[in-house]
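Residue-level structural notes
Here is what each chain is made of, one letter per residue.
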Amino acid sequence: MPIHESDICVIGGGITAVMVMERLAELKPNLKITVVEAGRSIFDRENRGTYHRRALDYGEHPWHDDYIEDQQARGMISMTMAVGGQALHWGGACNRFSEEDLRLRSLYGLADDWPIDWTELEKFYVQAERRLNVAGDPSPYAEDRRSAPYPQPAMPLSFNLQVLRKWAEQSGLKFSPLPMSRNVNTPFDGRGACGLYDTCGDVCPTGARYSPDYTYQQLIAAKKITLHDRMLVRKLVLADGRDTIAAAHGYHQDRPNEMTEYRAKLFVLASGQCWSPHLLLLSANSRFPNGIANRSGTVGRYMAGHKFISAQATIDDETFPGQNMTHSLISREFFRCAKDQPFVRHDTRVWESSAGKEPRLRAADGRLLLGDELLDDWRSRALKGSSVRLRAYYDSHPSADSRLTLDPASKNRYGDPMPKIDRQLDAAAVSRDGATLAHCTEVFERMAKASNGRLNGKPSVSNYWDHPAGGCRMGPDPSTSVCDSFGRTHDHENLFVIGAPTLPTGGCTNGTLTFVALSMRSAGRIAEII
């Protein structure tokens, strides 16, 4: 049996994992760090322009083999498994949560407070923004005050977004460019500058949008970490007679019958909101029959994230869709809620849209369109007003029954039950769902009417939770949480869980920056105790 020993073994190879390792390599340069990732290394960015072209020409998936066919989960919104994780093809949105997210119980009597002071978390937001080279402008809302400026000014608004900002602000809301992790004008940290290719949710040919694979390659080249990819960790093993973790058992995709044992002084579980609780549950043993780190029974519970409400609007102002459709505007007007008002918290987002403006082969009455008729129909729609995409991510609190469980009906090649996620709102959130939809509808209608516009149909509520989190919630009480505010598990002193799984609630805006900030904070504590 192959055995690998190190000071720290990191399980999972996404953005939070690499942020922890990069910070640890700075704080403790002589640490021996091993990272174990189930997916493969996609270190072929010289080919990404070709992959993107083939995706346009043939509909091919531009990220080859970024998943494991039999390592799937019911209820997940992404099947990505590779070195770099889902941040290989994120959009780069880096919006902060607000102080209210950390004090929901204290302010509103809802959900739970986080065991972190806002002033403390804000310091790590600054560090995370510097690490990701976030481009943003100061918020027009005084409550969003910052202790340091963004590393770069916000990405310049396209002509379309300039038009839409002027339109949207006629409603009385204040809008800003969404903060983005993109090198705007100059290269940074081995990555190129943005060429405005508008492929940020797919492939970034220059590396302007932060992508973890660049950092992994830098750490490997500097011999700061050892990477074992295509190695699935199936179990954490306790030390004899103690509650510390002694080893992790991994299996390589090419050698499924050979177990590799990873031994370390300290283990960091960085496998995201699905696979982190899944591994803890899979690692059940006689001393922890309900799973590792699960004396509280909360591993896999309180699966969080947020729902969202979407709408399309038609306005009189003319735009020319296609300039930079992944960039958006954001208003934080409704991040706060007065204590004497019905609770509703959400961001308000605006994108340019080409909906309804594309060529079509059939008229509204079903008649086939060809030649000049097709062009005339297209011009009549494309050159008249503009379409706008609207969205509100709203604060949706999970119940204890919002769960990840092991599904005996779905197993991988080893016979391990795969995860099944069933997200559920708590009773208070369910009771206000109708009022939240009515509120967001009123906001969207007010925005549309400000420019003689209209909504195209009724706003719709998402059928999934975006920016998922939870499953290993942090808290001060070992009977109701999995780990402390640094991710150190209450049950095992040498086991940390970092990033998205630790969030008690999912906020009301993009979560990646928060996952990164929390992970960098965890790195400081790990460096102190290792």
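Before any of the text, the structure's been laid out above.
Residues numbered from 1 in each chain as written. Predicted model: local features only at pLDDT ≥ 70, side-chain atom pairs only at ≥ 80, totals over all residues. Heavy atoms only, no water.

Helices and strands together make up the secondary structure of the protein, namely eleven helices and 17 strands. Its C-alpha atoms give the protein a radius of gyration of 24 Å, within 12% of the compact-globule value 24 Å for 530 residues. Counting only C-alpha atoms, the protein reaches 75 × 55 × 50 Å along its principal axes. Across the 530 residues of the protein, 58% fall into the buried class. Contacts in the protein between residues at least 24 apart in sequence constitute 74% of all its contacts with a sequence separation of at least 6. (Helix = DSSP H or I, 4+ residues; strand = E, 2+ residues; numbered from the N terminus. Rg over C-alpha atoms; globule rule 2.2 N^0.38 Å. Buried < 20%, exposed > 50% of the residue type's maximum accessible area, 1.4 Å probe, protein only. Contact = heavy atoms within 4.5 Å.)

Here the focus is helix H1 (residues 15-27). In this model H1 runs 18 Å from its N-terminal to its C-terminal C-alpha over 13 residues, within 8% of the 18 Å that 1.5 Å per residue would give. Here H1 lies mainly inside the structure; ten of its 13 residues are buried. When H1 is considered as a whole, its buried residues turn out to be Ile15, Thr16, Ala17, Val18, Met19, Val20, Met21, Glu22, Leu24 and Ala25. Check the buried side of H1 and you find it contacts strand E1 (3-11), strand E2 (33-36), helix H4 (118-132), helix H6 (212-221), strand E4 (225-228) and helix H11 (512-529). (Expected span 1.5 Å × (residues − 1).)

Another aspect to go through is the layout of surface pockets. A volume near 390 Å³ is recorded for the second largest pocket. As for the second largest pocket, its lining consists of 28 residues, and the residues nearest its centre are Glu143, Asp144, Arg145, Arg332 and Arg336. At the level of elements, H4, strand E3 (176-177) and strand E9 (329-331) are the ones that each hand at least two residues to the lining of the second largest pocket. Sorting elements by how many residues they give to the lining of the second largest pocket places H4 first, with three residues. (1 Å grid on protein atoms, 1.4 Å probe; cavity = no way out; pocket = protein on both sides within 12 Å on 5 of 7 lines; lining within 4 Å. Points joined across faces, edges and corners; volume = space filled by probe spheres on them.)

Let's shift gears to the packing of H1 against H6. Following both chains from N to C, one finds H1 and H6 inclined at 35 degrees, their axes separated by 10 Å at the closest point. Relative to H6, the crossing made by H1 is left-handed. Only Pro212, Thr215, Tyr216 and Leu219 of H6 make contact with H1, whose side of the interface consists of Ile15, Ala17, Val18, Met21, Glu22 and Ala25. Of the residues belonging to the contact of H1 with H6, the class tally is eight nonpolar, one polar and one charged. (Axes fitted to C-alpha atoms, helices over the stretch in contact; angles between N-to-C directions. Left-handed = near helix turned anticlockwise from the far one by under 90°. Nonpolar A, V, L, I, M, F, W, Y, C, P; charged D, E, K, R; others polar.)

Moving on: the environment of histidine 249. Summarising the element assignment, histidine 249 is placed in strand E6 (residues 245-252). Its relative accessible area of 14% is what places histidine 249 among the buried residues. Histidine 249 sits 35 residues away from tyrosine 214 along the chain, and the two C-alpha atoms are 27 Å apart. Excluding residues within four positions of it along the chain, histidine 249 makes contact with Leu232, Val233, Arg234, Lys235, Val237, Met259, Thr260 and Glu261. At 2.8 Å, the side chain of histidine 249 and the side chain of glutamate 261 are in polar contact. (Polar contact = N/O pair within 3.5 Å; in protein donor to acceptor, adjacent residues only side chain to side chain.)

A separate point is the side chain of aspartate 395. Relative to the helices and strands, aspartate 395 resides in the loop between strand E11 (386-394) and strand E12 (403-411). Exposure remark for aspartate 395: the relative accessible area of 3% places this residue in the buried category. At 2.7 Å, the side chain of aspartate 395 and the side chain of arginine 345 are in polar contact. Engagement of the side chain of aspartate 395 in a polar contact is seen with the side chain of histidine 397, the distance being 3.0 Å.

Take the nonpolar core next. Residues Ile8, Val10, Met21, Leu24, Leu121 and Leu132 are the most contacted members of the largest nonpolar core, which totals 55 residues. If you list the elements that add at least two residues to this core, you get E1, H1, E2, H4, H6, E4, strand E7 (255-269) and H11. With near-sequence residues (within four places) excluded, leucine 132 lies in contact with Ile15, Met19, Trp90, Cys94, Ser181, Arg191, Tyr210, Leu513 and Val516. Core analysis: the next-biggest nonpolar cluster, separate from the first, contains 35 residues, Met81, Phe288, Val299 and Leu495 among them. (Core = buried A, V, L, I, M, F, W, Y, C linked by side-chain atoms within 4.5 Å.)

Before going further, it helps to spend a moment on a nonpolar patch on the surface. A cluster of nonpolar residues, Leu361, Leu368 and Leu370, forms a patch on the protein surface that exposes about 310 Å² of accessible area. Among the structural elements, leucine 361 can be located in the loop between strand E10 (348-353) and helix H8 (371-382). Relative accessible area serves as the criterion here: at 54%, leucine 361 is assigned to the exposed category. (Patch = residues over 30% accessible without salt bridge, like charges linked within 9 Å, V, L, I, M, F, W, Y side chains within 5 Å. Areas by Shrake-Rupley, 256 points an atom, 1.4 Å probe, with all protein chains shown as cover. Salt bridge = Lys/Arg side-chain N within 4 Å of Asp/Glu carboxyl O.)

Attention shifts here to the pattern of salt bridges. Inspection of every chain in the model, using the stated rule, returns 39 salt bridges. Notably, a salt bridge pairs arginine 146 with glutamate 129, separated by 2.6 Å at the nearest N-O pair. Of this pair, arginine 146 sits in the loop between H4 and helix H5 (159-168) while glutamate 129 sits in helix H4; the two residues are 17 residues apart in sequence, bridging distant segments of the chain. Taking the relative accessible area as the measure of exposure, glutamate 129 reaches 1% and is therefore buried. When the shortest N-O distance is used, the salt bridge between arginine 295 and aspartate 491 registers 3.8 Å.

Glancing now at the pairing of E2. Along E2, one buried face is formed by Ile33 and Val35 and the opposite face, lined by Thr34 and Val36, is buried too. You can see the chain leave E1, run along H1 and come back into E2, and the turn it takes is right-handed. The pairing of E2 with E4 spans four bridges and is parallel. Its bridge partner being in E4, threonine 34 is matched across the sheet by threonine 226. (Right-handed = clockwise from strand over helix to strand, strands pointing away. Pairing = 2+ DSSP bridges.)

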